[in-house]
Amino acid sequence: MLGFIKKDFALMKNNFMLLVILLVFYIAMGISGEIDISIILPFISVLVMISTFSYDDFNHWNAYASCLPDGRKNCVKAKYVATILLIFLVTTITMVLSILLSSLHTKNIDYTYILYTMVGEIFGTILVLSIMYPIIYKFGIERARIIIFIMVFGIGILGGFLLNFIDVANILNLFSFLKNDWVITLILSSLLLLYISCQISLKIQQKKEF
Amino acid sequence: MKNILEVKNLNKKYDNFELKDVSFSLPEGMIMGFIGENGAGKTTTIKALLNIIKKDSGEIQLLGRDHLKEEKQIKEEIGVVLDDMFFPEILTARDINRIMKDVYKTWDSNLFNQYLEKFLLPSNKPIKTFSKGMRKKLEIITALAHHPKLLILDEPTSGLDPIARTEVLDLFQDFIQNETCSILLSSHMTTDLEHIADYITFINQGKILLSKTKDEILEQYGIVKCREEEFQKIDPKDYIRYKKNKYQYEILIENQQEFKKKYDIKTIDKMTLDDLMILMIKGEKSC
Amino acid sequence: MEIIISNSSKIPIYEQIKEQIKGKIVTNELKAGTLLPSIRNLAKDLRCSVITTKNAYEELEKEGYVTMIPSKGIYVAEINKELVKEEQLNKIENFVDKAVTMAKMNGIEEKVIIEMIHILYEEDSENEKYSRS
């Protein structure tokens, strides 16, 4: 599987520049003390990962990989592992930068706040990729893009519509028992989500004909 | 002699095409040319062998082992070149080397680099900057660099100029210098196969029309050219296909010697694989 | 060792190989005990299939011109040169016989035939000179 992970990172090399530019932009914003864009970095990393799917599809990499030993399974697993590695890498860099940058403005750095933001970001990112990857494996990147776009749009409209009728506070209260353990809960549910998503993708890949 | 590849009654049905009871086998140490028109089922058969499409039924053995039960071990020992399926083209040959080191236990970086030098392929340029011929060569040396026992190649010479084709065919013959190594290669360039192939398997509309040694085909089969009245005298059992042209009949026969004994027709032409293919596909059946 | 193969010839390739190696053995160009190229090597150099060279060698072995020792190689065998020469002479006599019969049937004089043979011989040796230079 290591080989396939290397391949995904090699595919990202063109897009690493985008991440670096964003990082520089982020630092500049941080120094001037204006807005916090740290939240978008992990999301950008997912976008970078998704671009690797386009490269794969263009040369039918998944079909070729299926001719290599254990390639059919490993290219899916590798995709997940590479994504997680990238998210952690980017998040760690953002976190370190956040701490450094906030030390420019204040003496009392709120470490817990920074940590919580990061956990929240990682969870959000993992939620997105866990839904997207099986769709990409099922329909191919081109069609998956459209499906995901429609889904996001649909959820937005539906959500907005439902919010008129439902009291959000009530629902949040349902989760109040998690009050103290929500960090752990988020981490555990991310792992569970990833596992389920990966299993689904593997099933799809196993059945696929190229 | 052991068979390195054995296909028995392979079936695969699509809406508008099907492989029907495809059977053939390739003995160890030999090169088999897999010929047929575009769309005859060459690629489908190859994909079924490699389990990148699922067969409906049939038995396939590669290297003497079931292709599904021991898929992983088999794939360690085979090299493939497929039409239009490869590494993403923004990668470089160096990337491929790095990746494959961890994919195959037996990947030979030195050999891979030697091949790159031999074929003047740059190791640090993205594949997308390569010409079609360079790309094909890279695909072929990638398939060779883990010392496989069996090469399965779908149209490996298509798009290559005559010089590159000669280089590639040389590479294949180098490969089988080791007598346990074998090659299955599909091609519609029958001239490639007329030289180096030991066996010819001919597929048309999803069915195997014949699978024999090439020498047998080229020496025994023949094309008889005759007039209408002569044609009428020939027993339909004695020919495989015929084609009526403006001035003559062309008849494909299976055994020149026997035909000569039985009939008094002098013009029996030596046949090429192209002639065979054309008569088999375009000619009328005897009954 | 030189072997010239013509793909357009009506003679099967394995037979071309066989006859040429045989010729070299008979004329002593290849001496008894000489190691010949392996089946696969020869196939590669002549750009033909393995089965073709294998056939050629197997026939040569059947006729006693070479010995194949598994996993060691193929060697030129000790042959009775006189016997072989006689055999070849017999074959030639057959051809000449046919030629003479045909000549007689068409009323062609002996002189003309001998002249023809003379020219053919010269042509051949000239070709050889040419290919050597």
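Predicted model only: the values in this text are computed from it and were never measured. (Residues numbered from 1 in each chain as written. Chains lettered and ligands numbered in written order. Predicted model: local features only at pLDDT ≥ 70, side-chain atom pairs only at ≥ 80, totals over all residues. Heavy atoms only, no water.)

Novice: Explain the overall build of chain B residue by residue, including any values.
Specialist: Counting its regular elements, chain B contains 11 helices and 15 strands. Since a compact globule built from 287 residues should have a radius of gyration of about 19 Å, the 21 Å found for chain B is in line with a globular shape. Overall, chain B is about 70 × 40 × 40 Å in size when its C-alpha atoms are taken along their principal axes. Residue burial in chain B is summarised as follows: out of 287 residues, 55% are buried. With the model as given, the accessible surface of chain B reaches about 12,600 Å², and the carbon-plus-sulfur share is 45%. Charged side chains of chain B number 44 positive and 47 negative; the gap between the two group centres comes to 2 Å. (Helix = DSSP H or I, 4+ residues; strand = E, 2+ residues; numbered from the N terminus. Rg over C-alpha atoms; globule rule 2.2 N^0.38 Å. Buried < 20%, exposed > 50% of the residue type's maximum accessible area, 1.4 Å probe, protein only. Areas by Shrake-Rupley, 256 points an atom, 1.4 Å probe, with all protein chains shown as cover. Lys, Arg positive; Asp, Glu negative; His and termini not counted. Charge placed at Lys NZ, Arg CZ, Asp CG, Glu CD.)

Novice: I'd like to hear about the domain arrangement of chain B, residue by residue, with values.
Specialist: All names here are of chain B. With domains assigned, chain B is organised as domain 1 (3–213) and domain 2 (221–285). Placing a centre on the C-alpha atoms of domain 1 and another on those of domain 2 gives a separation of 34 Å. At the junction of the two partners, domain 1 supplies 12 residues and domain 2 supplies 10 residues. Around 1,000 Å² of area is buried between domain 1 and domain 2 when both sides are counted, 72% of it from carbon and sulfur atoms. (Domains from an automatic or database assignment. Contact = heavy atoms within 4.5 Å. Buried area = accessible area lost by both parts, 1.4 Å probe.)

Novice: So, the pairing of strand β10 (residues 207–213) of chain B: which residues are in play, and what are the values?
Specialist: All names here are of chain B. Bridging between strand β9 (residues 199–204) and β10 involves six bridges; their strand directions are antiparallel. Bridging from a neighbouring strand, Phe-202 pairs with Leu-210 of β10. The loop that links β9 with its antiparallel partner β10 comprises two residues; one of these, Gln-205, has a positive phi angle of about 45°. (Pairing = 2+ DSSP bridges.)

Novice: Which residues make up the arrangement of the chains, and what values go with them?
Specialist: Here two pairs of chains are in contact, and chains A and B lead that list by number of contacts. Note that chain A does not reach chain C: the shortest distance linking a C-alpha of one to a C-alpha of the other is 28 Å.

Novice: So what's going on with the sheet that holds β9(B)? Residues and values would help.
Specialist: Pairing between sheet strands relies on hydrogen bonds along the backbone, with the strands arranged either parallel or antiparallel. All names here are of chain B. The six strands lie next to each other as β6-β7-β8-β3-β9-β10, forming an open sheet whose pairing is mixed. On the outer flanks of this sheet lie β6 (78–81) and β10, each paired with one strand and no other. For this sheet, the mean angle separating the axes of adjacent strands, direction not counted, is 15°. Of the pairings in the sheet, the one linking strand β7 (residues 150–154) to strand β8 (residues 182–187) comprises five bridges and is parallel in character. (Axes fitted to C-alpha atoms, helices over the stretch in contact; angles between N-to-C directions.)

Novice: Would you mind going over the environment of Phe112(B) in detail, with residue names and values included?
Specialist: Residue and element names in this part refer to chain B. Inspection of the secondary structure assignment puts Phe-112 in helix α4 (residues 109–118). For Phe-112, a relative accessible area of 0% translates into the label buried. Along the sequence, Phe-112 and Ala-93 sit 19 residues apart, while their C-alpha atoms lie 9.3 Å from each other. With residues near it in sequence (within four places) discarded, Phe-112 still touches Ala-93, Ile-96, Asn-97, Trp-107, Leu-138, Ile-141, Thr-142 and Ala-145.

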